[in-house]
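Topology and contacts: notes
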Amino acid sequence: MTAPVTGPTTGASLEVVRPGALTTVQDRGRPGYAHLGVPRSGALDTAAYALANRLLGNAPDAAALETTFDGVGLRALAPVTVAVTGAPCSVRVSGRPVAWGAAVRLPAGAELEVGRAESGLRGYVAVWGGLGVPPVLGSRSTDLLSGLGPPVLSAGMLLPVGPAGPDPAPGADACGLPGAPSELLLPLRLGPRADWFTQASLAGLWRAAFRVSAMSNRIGLRTEAGAPLVRGRAGELPSEGMVLGAVQVPPDGLPVVFLADHPVTGGYPVVGVVPPGPALDAAAQARPGVPVRFVRSR
């Protein structure tokens with residue numbers, strides 16, 4: 001059995017039975033360390049992550065699990081209470097269906113099975129008290145780019161549970177979250193390097209129909225199929241700072257939208273920035289093949 005990821009706990013822990021395609025520990029991330037080369041990281045769908053914690057009465061920055069497409073399987077080694085949000089899916093406790101988007105009690109020894117996403121891509125599994133893995137630079141998030149934080153989940157890993165707060169309170173509404181996008185509309189503020197592209201190419205950007213590429217990940221949402229942006233000047237930029245939501249354009253001309261684990265510097269020109277908020281949350285739930293359009297934002 002894999003050694004536990006240690007940290008302050010109540011003595012309760014969750015054993016990973018089935019890790020899923022890619023399941024990581026995430027919280028609100030570690031902003032403020034870009035000058036040290038450390039990405040922001042944190043949950044990609046911030047609204048779904050926040051709701052999972054709110055359903056349990058957790059602190060807003062409590063660490064939870066972020067799953068990718070096919071969920072996760074966990075065994076409670078002591079009684080715990082959990083909530084599953086994000087991409088809608090089946091949720092079972094020891095084989096019996098239970099509620100998605102609500103607080104669910106797991107007795108000791110019970111197995112929680114979070115199923116494949118019925119729509120969308122990423123789910124969130126919060127536990128009452130939060131996951132008590134040790135913080136790194138103030139955050140418990142797994143950062144796939146730098147390797148900071150706890151490792152990606154693997155079978156047999158033990159996840160400690162932190163001290164619980166007040167009893168979970170009913171009232172948070174999982175149905176208030178938007179569903180997975182059938183078309184991803186990304187508001188784009190042009191700059192700082194829009195002048196590296198031809199005026200005709202920029203005008204065409206608002207009409208271009210891209211698609212989410214299967215090469216997308218927590219670092220960035222890659223696009224395909226749309227009309228490539230054409231540079232209006234030759235040469236290369238020196239590396240410069242990158243921010244969450246920056247839309248970088250590599251040599252193939254197909255935009256890449258930087259997400260939570262993005263690099264903090266880059267040399268390809270940034271045509272614009274998608275502001276943090278609902279649009280980037282929707283990007284976290286956009287499956288490969290979903291149409292992508294950029295709309296002008298000021």
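The structure contained in this document is the topic of the report that follows.

What counts as what
- Residues numbered from 1 in each chain as written.
- Predicted model: local features only at pLDDT ≥ 70, side-chain atom pairs only at ≥ 80, totals over all residues.
- Heavy atoms only, no water.
- Helix = DSSP H or I, 4+ residues; strand = E, 2+ residues; numbered from the N terminus.
- Rg over C-alpha atoms; globule rule 2.2 N^0.38 Å.
- Contact = heavy atoms within 4.5 Å.
- Areas by Shrake-Rupley, 256 points an atom, 1.4 Å probe, with all protein chains shown as cover.
- Lys, Arg positive; Asp, Glu negative; His and termini not counted.
- Charge placed at Lys NZ, Arg CZ, Asp CG, Glu CD.
- Buried < 20%, exposed > 50% of the residue type's maximum accessible area, 1.4 Å probe, protein only.
- Salt bridge = Lys/Arg side-chain N within 4 Å of Asp/Glu carboxyl O.
- Polar contact = N/O pair within 3.5 Å; in protein donor to acceptor, adjacent residues only side chain to side chain.
- Pairing = 2+ DSSP bridges.
- Phe/Tyr/Trp six-rings, centres within 6.5 Å; stacked < 30°, edge-to-face > 60°.
- Core = buried A, V, L, I, M, F, W, Y, C linked by side-chain atoms within 4.5 Å.
- Axes fitted to C-alpha atoms, helices over the stretch in contact; angles between N-to-C directions.

Section: the overall build of the protein
Looking only at helices and strands, the protein has three helices and 20 strands in total. Relative to its length of 298 residues, the protein is compact, with a C-alpha radius of gyration of 20 Å against a globular reference of 19 Å. At a minimum sequence separation of 6, the contacts of the protein that also span at least 24 residues come to 78%. For the protein, the computed accessible surface area is about 12,600 Å², with 58% contributed by carbon and sulfur atoms. Distance between charge centroids for the protein: 4 Å, based on 24 positive and 20 negative side chains.

Focus on the side chain of Asp27
Relative to the assigned elements, Asp27 resides in the loop between β2 (24-26) and α1 (46-56). Buried charge without a salt bridge: Asp27, with Arg140 as the nearest opposite-charge side chain at an N-O distance of 5.5 Å. In terms of polar contacts, Asp27 uses its side chain to reach the backbone amide nitrogen of Gly29, at 2.8 Å. The residues contacting Asp27, other than those within four sequence positions of it, are Gly42, Ala43, Tyr49, Asp61, Ala62, Ala63, Ser139, Arg140 and Ser141.

Points about the sheet that holds strand β7 (residues 96-97)
A sheet is described by the order of its strands in space; here six strands give the open sequence β7-β6-β9-β4-β1-β11, paired in antiparallel fashion. Each edge of the sheet is formed by a strand with only one pairing partner; in this case those strands are β7 and β11 (158-160). One ladder, built from four bridges, connects strand β1 (residues 13-18) with strand β4 (residues 72-76); its direction is antiparallel. Within β4, the position partnered with Glu15 by the bridge is Arg75.

Focus: the packing of aromatic side chains
Scanning the model with the defined rule gives one aromatic pair in all. Measuring from ring centre to ring centre gives 5.9 Å for Phe210 and Phe294, while their planes differ by 75°; the resulting arrangement is edge-to-face. Of this pair, Phe210 sits in strand β13 (residues 210-212) while Phe294 is found in strand β20 (residues 291-296), placing the two residues 84 residues apart along the sequence. Of the two residues examined, Phe210 and Phe294, each falls in the buried class.

Things to note about the nonpolar core
Judged by nonpolar contacts, the single largest core of 43 residues is most densely connected at Leu184, Leu186, Leu188, Val257, Val271, Val274 and Phe294. Among the elements of the structure, α1, β10 (122-127), β12 (184-190), α2 (199-205), β13, α3 (278-284) and β20 are those that each provide at least two residues to this core. The leading source of residues in this core is α1, at six residues. Every residue in contact with Leu184, bar those within four places of it in the chain, is listed here: Leu221, Ala279, Ala282, Ala283, Ala286, Val290, Pro291, Val292 and Arg293. Core analysis: the second largest hydrophobic core is formed by 29 residues, Val25, Ala110, Leu112 and Val127 among them.

So, the pairing of strand β9 (residues 111-114)
For a regular strand, side chains alternate in direction, first toward one face of the sheet and then toward the other. Of the two faces of β9, the one holding Leu112 and Val114 is buried and the one holding Glu111 and Glu113 is not buried anywhere. The pairing of β4 with β9 spans four bridges and is classified as antiparallel. When the bridges of β9 are listed, Arg75 appears paired with Glu111. The pairing of strand β6 (residues 91-93) with β9 spans three bridges and is classified as antiparallel. Following the sheet pairing, Val91 is matched in β9 by Val114.

Focus on the sheet that holds β12
Taken in spatial order, the seven strands line up as β12-β19-β16-β17-β14-β13-β20 and close into a barrel, and their pairing is mixed. Strand-to-strand twist of the sheet, defined as the mean angle between neighbouring strand axes without regard to direction, takes the value 40°. The pairing of β13 with β20 spans two bridges and is antiparallel. Directly across from Phe210, in β20, lies its bridge partner Val292.

Points about the environment of Ala208
Relative to the helices and strands, Ala208 resides in the loop between α2 and β13. On the basis of relative accessible area, Ala208 is assigned to the buried category, the value being 5%. Between the alpha carbons of Ala208 and Leu137 there is a distance of 40 Å; along the sequence they are 71 residues apart.

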